Structures are given as C-alpha cells and as structure tokens.
Amino acid sequence: MIDLQNRGICPTLDEIGTYIRNPLFETFCSEIKERHGAKEKIEFSSCSWESGWNVKFKKSGKNLCTIYPRESFFTVLVVVGKKEKELVETILADCTGELQEIYDRTEEGNGQKWLMIDLEDQGDLFRDVLRLIEIRRNAK
C-alpha cells in the first residue's frame, strides 16, 4: 500500500488506482486522456490545504483538473476562472443539484472558483465534471 504523505516515493498511476479501490478512477483517467489528449503528471503537493500525492491532467500547459486520491473515491479539483465562468453559469441549471450546490458555496478568489468535487460513481455528477473540464479545455 502506498503512503500518499511520503514525499520520497512517487507512486504510479496504477498504485494510486489500487489505493482508491474504485474502478471509476481508471475510467475517469481514460476519459480525460482520450477526449483531450491530456497527459497525467503525478506531483507531491506541500500545500497546507491538501498535502500529499495527486494527479494533474494538463494539455498544452493548461491544468485541466487535479485528482486527490481517497479510499474508495477521489476528489477532482476543477478551477473555473474568468474565461470559463460565463459558460459554466450558462450550463449550471442543467447540472446536478450537487454540482450547483458546490458551485454556489465555493467562494470566489482572484476571479476563480476552485471546485472540489467528490466522485464515487459514474452517475450524473461524473458527467457534469467532464463537462466542466471540456469547458476549461476549450476556454480561450
């Protein structure tokens, strides 16, 4: 079993998947890679807000999302910045109540909302997160 707080040993994507123990993690990573041609980068964060190993997906230097491993689920961070805000707010009414609540309660700072979304299954919230990432990817 990996230790997400051990900065000295970088886990592989497979080891992170084994830690999470939810097949949705592999599905999610495959979707991001296939839809966007994004590459994963496993990084250690010393941030006091969320320290430990995480997985970032980037395309053309832009961070599309960051995954924080948990036991049996994972949290996806999607940043909604100034470029994405208008389009995200346009589709928000079509999203799950859970995503609407996360968006509403997330405070804005420097023109951004850092949405932390827990994913456990491939339901509507999963679909909503993929839509947010699509918007982020295409924002100019």
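Heads up: the structure comes first, above all this text.
Remember, predicted model here, so these are calculated numbers, not experimental data.

Engineer: Explain the environment of Gly37 to me, please; I cannot follow it from the model alone.
Structural biologist: With respect to the helices and strands, the residue Gly37 is situated in the loop between helix 2 (24-36) and strand 1 (39-45). Sequence separation between Gly37 and Ser60 is 23 residues, and the spatial gap between their C-alpha atoms is 9.6 Å. If sequence neighbours within four positions are ignored, Gly37 has contacts with Ile32 and Lys59.

Engineer: Where do I start with the pairing of strand 2 (residues 52-59) in this structure?
Structural biologist: The buried fraction of strand 2 amounts to 6 of the 8 residues, a majority that puts the element mostly inside the structure. Relative to strand 2, strand 1 runs antiparallel, the two sharing 7 bridges. Residue pairing for strand 2: Ser45 is matched across the bridge by Gly52. The sheet contact formed by strand 2 and strand 3 (residues 62-69) spans 5 bridges and is antiparallel. Directly across from Lys58, in strand 3, lies its bridge partner Asn63. Between strand 2 and strand 3, which follow one another and run antiparallel, lie 2 residues, and Ser60 among them has a positive phi close to 55 degrees.

Engineer: Please explain the pattern of salt bridges as it appears in this structure.
Structural biologist: Here the idea is simple: oppositely charged side chains can pair when their charged atoms come close. What the rule picks out here adds up to 12 salt bridges. In this structure, the salt-bridge partner of Arg105 is Glu101, at a minimum N-O distance of 3.2 Å. Of the two residues, Arg105 and Glu101 are both situated in helix 4 (residues 97-105); the distance of 4 residues between them amounts to about one turn of the helix. Residue class for Glu101 comes out partly exposed when judged on its relative accessible area of 48%. The closest approach of N and O atoms between Arg127 and Asp128, which form a salt bridge, is 2.7 Å. Residue classification places Arg127 among the partly exposed residues on the basis of a relative accessible area of 36%. Since its relative accessible area comes to 0%, Asp128 is described here as buried. Taken together, the shared-partner salt bridges connect Lys41, Glu43 and Lys56 into one network.

Reading the values: the criteria
Residues numbered from 1 in each chain as written. Predicted model: local features only at pLDDT ≥ 70, side-chain atom pairs only at ≥ 80, totals over all residues. Heavy atoms only, no water. Helix = DSSP H or I, 4+ residues; strand = E, 2+ residues; numbered from the N terminus. Contact = heavy atoms within 4.5 Å. Buried < 20%, exposed > 50% of the residue type's maximum accessible area, 1.4 Å probe, protein only. Pairing = 2+ DSSP bridges. Salt bridge = Lys/Arg side-chain N within 4 Å of Asp/Glu carboxyl O.

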